[in-house]
Amino acid sequence: MSSSQGAKAAEGVALACLAHLEQEEAMLSATLEKLRAVRSALMHGDLSALTRILAEQRHTAVAATELYKARAELRRRITGVVGAPDDRVTISRLSQCVTEPLATRLISRRKRLSDMAKEVDRLNRGNMSLVRQSRDLLERLLSSLTGTDENSDRYSPSGQLEQRRYGSFFQARC
C-alpha cells in the first residue's frame, strides 16, 4: 500500500472512529442521566422511580453490548492502520497516523469521553454509598423494632444471653 493509500485508509478509519466515539458519548450521556436520576430517587426515597429506572437500564445494557461489539470491530480496523497489536491500539496511536484537524478531533473526543467515564464512576460510587447508608439505616430500624439491636441484649429466664434474631413487629393477644 502506498503512503497516500495508507493515509487515506487511516483517515477513513479515523472518521469511523469519530462516529463510534459519538455513539459512545451518547451512551455515556444517557448513563449519566440515569445515574443522576437514581441518585435523586435514592435521596427522596422514590421507590417507583427506582423501579422505572432499573427497567430502563435493561435497554441500556443491550445497547452497551452492541457498542462493545462495534468497538471490538473498530479496534481490528485500527490495528490494520497503525500496525500495532490489538491490545496496543489506542486513539492516540491512530491520531498520529492522520493529519490535522482530524487528529485534534480524535484526541479531544477521547478526552471528553474519559472525563465522562470518570463522572460515571464518581456517581456510581456515590449511589453505592447512598444504598449502603439506606440499608444500614433499615437494618438498624428493624433491629430496634424487633429488639435485636446491639443495645438491647436480652436474657432468657435461665439467665443466658439470648441470640439476636428478627421477630415480628406486633404481637396479637387473645
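Residues numbered from 1 in each chain as written. Predicted model: local features only at pLDDT ≥ 70, side-chain atom pairs only at ≥ 80, totals over all residues. Heavy atoms only, no water.

(A) Molecular detail of unusual backbone geometry. In this structure, proline 101 follows glutamate 100 across a cis peptide bond, with omega equal to 0°. Structurally, the position occupied by proline 101 is in the loop between helix 3 (91–95) and helix 4 (102–146). (Helix = DSSP H or I, 4+ residues; strand = E, 2+ residues; numbered from the N terminus.)

(B) Looking closely at the environment of valine 89. Position of valine 89 among the secondary structure elements: in the loop between helix 2 (47–82) and helix 3. When residues no more than four places from it in sequence are discounted, the contact partners of valine 89 are Arg75, Ile78, Thr79, Val82 and Ala84. (Contact = heavy atoms within 4.5 Å.)

(C) Structural context of the packing of helix 1 (residues 3–44) against helix 4. Here helix 1 crosses helix 4 at 20°, and the two axes come no closer than 9 Å. Of the possible angle classes, the one that applies to helix 1 and helix 4 is roughly parallel. In the packing of helix 1 onto helix 4, the handedness of the crossing is left-handed. A breakdown of the residues in the contact of helix 1 with helix 4 according to their chemical character gives 20 nonpolar, 5 polar and 10 charged. (Axes fitted to C-alpha atoms, helices over the stretch in contact; angles between N-to-C directions. Parallel < 35°, antiparallel > 145°, perpendicular 65-115°, else oblique. Left-handed = near helix turned anticlockwise from the far one by under 90°. Nonpolar A, V, L, I, M, F, W, Y, C, P; charged D, E, K, R; others polar.)

(D) Inspection of helix 1 at higher detail. Here helix 1 contains 42 residues, and its C-alpha end-to-end distance of 60 Å stays within 8% of the 62 Å for a straight helix at 1.5 Å per residue. Just downstream of helix 1 lies glycine 45, where phi reads positive at about 65°. (Expected span 1.5 Å × (residues − 1).)

(E) Region of the structure containing the nonpolar core. Ranked by size, the top nonpolar core spans 24 residues in total, and within it Cys17, Ile78, Leu94, Val98 and Leu106 carry the most contacts. Examining the composition of this core, we find that 9 residues originate from one element, helix 1, more than from any other. Listed in part, the 7 residues of the second largest apolar core include Ala41, Leu42, Ala49 and Leu130. (Core = buried A, V, L, I, M, F, W, Y, C linked by side-chain atoms within 4.5 Å. Buried < 20%, exposed > 50% of the residue type's maximum accessible area, 1.4 Å probe, protein only.)

(F) Main features of the side chain of serine 95. Of note, serine 95 is situated in helix 3. What makes serine 95 buried here is its relative accessible area of 10%. Setting aside residues up to four positions removed in sequence, serine 95 forms contacts with Ala103, Leu106 and Ile107.

(G) Representation of helix 2 within the structure. The terminal C-alpha atoms of helix 2, which comprises 36 residues, lie 50 Å apart, in line with the 52 Å expected from a rise of 1.5 Å per residue. Taken as a whole, helix 2 has its buried residues at Ala49, Leu50, Ile53, Thr60, Leu67, Leu74, Ile78 and Val82. Contact partners of the buried residues in helix 2: helix 1 and helix 3. Directly after helix 2, the chain includes glycine 83, whose backbone phi takes a positive value near 70°.

(H) Here's a closer look at the environment of valine 120. Its place among the elements puts valine 120 in helix 4. The spacing of valine 120 and leucine 32 is 88 residues in sequence and 5.9 Å in space, taken between C-alpha atoms. Contacts of valine 120, omitting those with residues within four sequence positions, involve Leu28, Thr31, Leu32 and Leu35.

(I) Inspection of the pattern of salt bridges at higher detail. Enumeration according to the criterion identifies 14 salt bridges in this entry. One salt bridge in this structure joins glutamate 25 and arginine 112, with 3.0 Å as the shortest N-O distance. Here the residue glutamate 25 occupies a position in helix 1, and arginine 112 occupies one in helix 4, the gap between them amounting to 87 residues. Looking at glutamate 25, the relative accessible area reads 18%, which means it is buried. As a salt-bridge pair, aspartate 121 and arginine 125 come within 2.8 Å of each other at their nearest N and O atoms. On the criterion of helical spacing, the pair formed by aspartate 121 and arginine 125 is a turn pair, its members being 4 residues apart in helix 4. The exposure class of arginine 125 is partly exposed, given its relative accessible area of 44%. Connected through salt bridges with shared partners, the residues Glu25, Arg109 and Arg112 form a single ionic network. (Salt bridge = Lys/Arg side-chain N within 4 Å of Asp/Glu carboxyl O.)

Coordinates in, geometry out; function isn't part of it.
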